[in-house]
Amino acid sequence: MPAARVEYVAPWWVVWLHSVPHLGLRLQPVDSTFSPRDESYRESLLFLGLVAAVCLGLHLILLTAYLVCVCCCRQDDAVQAKRRSSCCVTWTAVVAGLICCAAVGVGFYGNSETNDGVYQLIYSLDNANHTFSGIDTLVSGTTQKMKVELEQHLTRLSEIFAARGDYIQTLKFMQQMAGNILGQLSGFPEWGEVTAELTKLSDQTGYVEYYRWLSYLLLFILDLVLCFIACLGLAKRSRCLLALMLCCGLLALLLSWTSLAADTATAVATSDFCVAPDTFILNITEGQIRTEVTRYYLYCSQSLSSPFQQALTIFQRSLTTMQIQVVGLLQFAVPLFPTAEKDLLGIQLLLNSSESSLHQLTAMLDCRGLHKLPPRSKHHPAPLDYLDALTGICYDGIEGLLYLGLFSLLAALAFSTVICAGPRAWKHLTTRDRDYDDIDDDDPFNPQARRIAAHNPPRGQLRSFCSYSSGLGSQTSLQPPAQTISNAPVSEYMNQAVLFGGNPRYENVPLIGRGSPPPTYSPSMRATYLSVADEHLRHYGNEFPA
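Cut-offs used in this document
Residues numbered from 1 in each chain as written. Predicted model: local features only at pLDDT ≥ 70, side-chain atom pairs only at ≥ 80, totals over all residues. Heavy atoms only, no water. Helix = DSSP H or I, 4+ residues; strand = E, 2+ residues; numbered from the N terminus. Buried < 20%, exposed > 50% of the residue type's maximum accessible area, 1.4 Å probe, protein only. Contact = heavy atoms within 4.5 Å. Areas by Shrake-Rupley, 256 points an atom, 1.4 Å probe, with all protein chains shown as cover. Phe/Tyr/Trp six-rings, centres within 6.5 Å; stacked < 30°, edge-to-face > 60°. Axes fitted to C-alpha atoms, helices over the stretch in contact; angles between N-to-C directions. Parallel < 35°, antiparallel > 145°, perpendicular 65-115°, else oblique. Left-handed = near helix turned anticlockwise from the far one by under 90°. Nonpolar A, V, L, I, M, F, W, Y, C, P; charged D, E, K, R; others polar. Core = buried A, V, L, I, M, F, W, Y, C linked by side-chain atoms within 4.5 Å. Salt bridge = Lys/Arg side-chain N within 4 Å of Asp/Glu carboxyl O.

Some thoughts on the overall build of the protein
Counting its regular elements, the protein contains 16 helices and 0 strands. Classification of the 546 residues of the protein by burial places 40% in the buried group. Considering only residue pairs separated by 6 or more positions, the protein has 76% of its internal contacts joining residues 24 or more positions apart. When the accessible surface of the protein is totalled, it reaches about 30600 Å², and 61% of it is carbon and sulfur.

This is the structure:
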């Protein structure tokens, strides 16, 4: 690469990715030069995808082994195991959620960077394509003028000046100059195939990039939804949501490794191109465009002269000579042949139009004019569009792919964490339900009994003795309860209730002897309870004297 090409320097990540070993499917070394048409080179990229597939298989094997160990292990201390499992599941869910959010943030940034780089490449291709199309239009238009319009004017003037040999000789000389111009124009390269390939490449790149960007956007949304489902399942203690989360987590794990394989292969291939882009372009344009023309547009340095300079110089001199001849004929031949004035003015107008086209063609064929640059300076020795394209694809594009690869790794880690926490959360919910089954169904502190009572209220509500006392306002209608009342002082239970709850809670059903926090009774309920207890003591005290 010439010394003038100092603007584009391959970044360190391009060099690092280019140094990745390129191996075929049979593990033989492959040349790392970017050549997408070479079958062995394509196999080396496929091998990178297969490496990611092998890593996915090992990942799944390790996950399976861990899940089997968790499901088969037995804990001796159930209470301590339950507490440790609950705490572990909670912190695991928190860590997995944070990793997932960080992965999605990194992925959004990488997706945006890649999209910006690719569209910068497309924009540069469209600019170059527009310039090459303009060159073809100017060349074809000037050729048409010289072949058809100028020839028609010269034919009519030959008929008018048939009696004057010197004027006929001037017309033949002008026709010779026009032939020189046509010969120089025919030496310019045909850009039709190049513009067609650039248009096709731009369209295909835009099409692929749109669906790539959309696919990653949907993958980000899927990861966030799965993270939300995992948190919701743990918060709601829903087995259905946990099962859905485990199944979708495996799907997200597969998608993460698949995206990592695609990103790795694409990043390595693009880095192979970015290490030596000039060599690849020279190879693919060989046979379509002359090598000196391609080098001129790739490097555009002061040491390289334009391959079109000689042709443009001959074009300019021929036009100047023809204009001089036309001016002479207008000055000396028109007074003698007035009918020749119209054709001579037509030729003069045609030559002026051709000169304007020559100036445009000179500017567009110049590598600086191709990219709308000011006069050549040391700050812009290379084509701007070409550098913009390389910057877009080699800097922003590959950098975005690296961030997307990091997203895939973080997402795989997050969902692996969620999958590992799933069985523990499931066992925790199962143990919790089993503990509820061991509690008496009549216990009002049993959450299952309260849920059943809320959904299936009894048809006949049996009012307790406390509700009768509060409803009737008298103690005469109270009937002594059949069960034996404990002789423990009620004030002791009330004091315990204050210790447990802090605020007095008035309950309808006494919970003495149940091992639950004792209720607190209102003053009227307490008086009623003490009177009934005293009556029982007197009754049973008379029957069983001490």
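Still to come is the rest of the account.
With respect to the packing of aromatic side chains
Counted according to the given criterion, the structure contains 21 aromatic pairs. Relative to Phe 220, the ring of Phe 108 lies with its centre 4.8 Å away and its plane at 50°, an arrangement referred to as tilted. Residue Phe 108 is located in helix α3 (residues 78-160), and its partner Phe 220 is located in helix α5 (residues 192-236); the two are separated by 112 residues in the primary sequence. Classification of Phe 108 by relative accessible area gives partly exposed; the value is 39%. Given the relative accessible area of 0%, Phe 220 is considered buried. Ring geometry for Phe 188 against Phe 308: centres 5.7 Å apart, planes inclined by 65°, an arrangement best described as edge-to-face. Here Phe 188 is found in the loop between α4 (165-186) and α5, whereas its partner Phe 308 is found in the loop between α8 (291-299) and α9 (309-332), with 120 residues between them in sequence.

Details of the packing of α9 against helix α10 (residues 341-365)
The interhelical angle for the contact between α9 and α10, taken along N-to-C directions, is 160°, at an axis separation of 10 Å. As judged from the angle between their axes, α9 and α10 are roughly antiparallel. When the axes of α9 and α10 are compared, the crossing they make is left-handed. Taken together, the residues of the contact of α9 with α10 sort by class into 15 nonpolar, 7 polar and 2 charged.

What about the nonpolar core?
Counting residues in hydrophobic clusters, the biggest one holds 97 residues, and the most contacted among them are Ile 135, Phe 161, Phe 188, Tyr 297 and Leu 361. With 16 residues, α3 is the largest single contributor of residues to this core. Not counting residues up to four positions away in its chain, the partners in contact with Ile 135 are Trp 191, Tyr 297, Leu 361, Met 364 and Leu 365. Residues Leu 56, Leu 63, Trp 257 and Leu 260 belong to the second largest nonpolar core, which totals 8 residues.

A few points about the environment of Leu 234
Here Leu 234 shows up in helix α5. We classify Leu 234 as partly exposed; its relative accessible area is 28%. Sequence separation of Leu 234 and Thr 90 is 144 residues, and the distance between their C-alpha atoms is 8.1 Å.

Focus: the pattern of salt bridges
For the coordinates displayed, the defined rule picks out 4 salt bridges. Here Asp 166 ties to Arg 164 by a salt bridge, and the two come within 3.1 Å at their closest N and O atoms. Of the charged contacts, one joins Arg 212 and Glu 209 as a salt bridge, the two residues approaching to 2.8 Å between their closest N and O atoms. Taken together, the residues Arg 212 and Glu 209, both in helix α5 and 3 residues apart, mark about one turn of the helix. Arg 212 gets classed as buried once you look at its relative accessible area, which sits at 17%. In this structure Glu 209 comes out as buried when scored by relative accessible area, which is 3%.

Topic: the packing of helix α7 (residues 277-284) against α8
The interhelical angle for the contact between α7 and α8, taken along N-to-C directions, is 150°, at an axis separation of 10 Å. As far as their axial angle goes, α8 and α7 are roughly antiparallel. Crossing angle aside, the handedness with which α7 passes α8 is right-handed. Here Asp 278, Ile 281 and Leu 282 of α7 lie close against α8, whose contacting residues are Thr 291, Thr 294, Arg 295, Leu 298 and Tyr 299. Looking at the contact of α7 with α8 residue by residue, the classes come out as 4 nonpolar, 2 polar and 2 charged.

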